[in-house]
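Each chain is listed here by its residues.
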Amino acid sequence: TDLLGSYQSKNIKTVTQTVKELQRKGYKISEENIKKGLLKVIKNTGLLGRWQVLNEKPKVVCDTGHNREGLQYVMDQLLNEKFNQLHIVFGVVNDKDLSTILDLLPKNATYYFCKPDIPRGMNAYKLKAKLNKYNLKGEAYNSVSEAYKTAIKQADLNDFIFVGGST
């Protein structure tokens, strides 16, 4: 597939099993079309933000994994990366139960707290206050763009910047 991330192997298994069930129910789906579809998921669907590499030096990756299960896969993938310092641009919606994901967030990262540009976005300063209590350190920014640009300025070429949270 053109989707990156080690966790995509699980997603592909789910897709292929679903297609087999559809084939059993009479839907005509060729193996060739399945292969073509998996190789062009981004083009065919417009799906962005699944371990999407935005930059190489420093490496910048964004991912939309925002529930516990999705974020666990993303953090596992992150541990396989080589970098000097980890920077995390992070924002969530205001009804997010942070207690479900706190233990997944790396304590050794520098955080750039921001508010997603949606009505339900949690205020970045409120998010910072909540996460600082759990030794997740960083600053709050008025927008995702401002947080991202600051992370790029502060990161060295061998650092890693992850952009994620609620979508």
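Because the structure is predicted, anything quoted here is derived from the model rather than measured.

*Asks:* Can you tell me about the nonpolar core, naming the residues and giving the values?
*Replies:* Counting 24 residues, the largest nonpolar core has Phe 90, Leu 98, Tyr 111, Leu 127 and Leu 131 as the members making the most contacts within it. Elements with a contribution of two residues or more to this core: α4 (68-79), β3 (86-91), β4 (110-113), α5 (124-132) and β6 (160-165). Excluding anything up to four places from it in sequence, Phe 90 contacts Ile 101, Leu 105, Tyr 111, Tyr 112, Phe 113, Cys 114, Leu 127, Leu 131, Gly 164 and Gly 165. Cys 62, Val 89, Ala 151 and Val 163 belong to the second largest nonpolar core, which has 11 residues in total.

*Asks:* If you had to explain the state of the cysteines to someone new, which residues and values would you point to?
*Replies:* In the structure shown here, the tally under the stated rule is 0 disulfides. Lacking any disulfide linkage, Cys 62 is separated from the closest cysteine sulfur, that of Cys 114, by 12 Å. Classification of Cys 62 as buried rests on a relative accessible area of 14%. For Cys 114, a relative accessible area of 2% puts it in the buried group.

*Asks:* How would you summarise α4 if you had to cite specific residues and measurements?
*Replies:* The terminal C-alpha atoms of α4 lie 16 Å apart, and with 12 residues this matches the ideal 16 Å at 1.5 Å per residue to within 8%. Three or more residues of α4 are buried, namely Gly 70, Leu 71, Val 74, Met 75, Gln 77 and Leu 78. Down the axis of α4, the smallest arc covering the buried residues is 155°, so these residues share one side. Residues of α4 that are exposed and point over 90 degrees away from its buried face: Glu 69 and Leu 79. Here the buried face of α4 lies against β2 (59-63), β3 and β6.

*Asks:* Talk me through the packing of helix α1 (residues 8-24) against helix α2 (residues 31-39); I want residue IDs and the actual numbers.
*Replies:* At a minimum axis distance of 12 Å, the contact between α1 and α2 shows a crossing angle of 150°. Here α2 runs roughly antiparallel to α1, going by the angle between their axes. Remark: the crossing between α1 and α2 carries right-handed chirality. Residues Ile 12, Val 15, Thr 16, Val 19 and Gln 23 of α1 form the contact with α2, whose participating residues are Glu 31, Ile 34 and Leu 38. The residue makeup of the contact of α1 with α2, split by class, is 5 nonpolar, 2 polar and 1 charged.

Criteria and cut-off values
- Within each chain, residue numbers correspond to sequence positions counted from 1 in written order.
- Only residues with pLDDT of 70 or above have their local features reported here, since the model is predicted, and side-chain atom pairs are shown and tallied only from 80 upward, although totals for entire chains, interfaces and linings are computed over all residues.
- Hydrogens and water molecules were not included; the side-chain quantities draw on all heavy atoms of the structure.
- Residues belong to one nonpolar core when they are buried, are Ala, Val, Leu, Ile, Met, Phe, Trp, Tyr or Cys, and are joined through side-chain atoms within 4.5 Å.
- When a residue's accessible area, from a 1.4 Å probe over protein chains only, is under 20% of the maximum for its type it is buried; when over 50% it is exposed; and in between it is partly exposed.
- Numbered from the N terminus, helices here are DSSP runs of H or I no shorter than four residues, and strands are runs of E no shorter than two.
- Pairs of residues are marked as contacts when any of their non-hydrogen atoms sit within 4.5 Å.
- Cysteine sulfur atoms are paired as a disulfide whenever they fall within 2.5 Å.
- To estimate how far a helix should extend, the number of its residues minus one is multiplied by 1.5 Å.
- By arc we mean the arc of the directions from the helix axis to the C-beta atoms, nothing more.
- Working convention: axes come from line fits to C-alpha atoms, limited for helices to the stretch in contact. Angles between N-to-C directions cover 0 to 180 degrees.
- Throughout this description, any angle smaller than 35 degrees is read as roughly parallel, any larger than 145 degrees as roughly antiparallel, any in the 65 to 115 degree range as roughly perpendicular, and the remainder as oblique.
- It is the rotation of the near helix from the far one that decides the hand of a crossing: anticlockwise by less than a right angle makes it left-handed, clockwise makes it right-handed.
- Nonpolar residues are Ala, Val, Leu, Ile, Met, Phe, Trp, Tyr, Cys and Pro. Charged residues are Asp, Glu, Lys and Arg, and all others, Gly as well, are polar.

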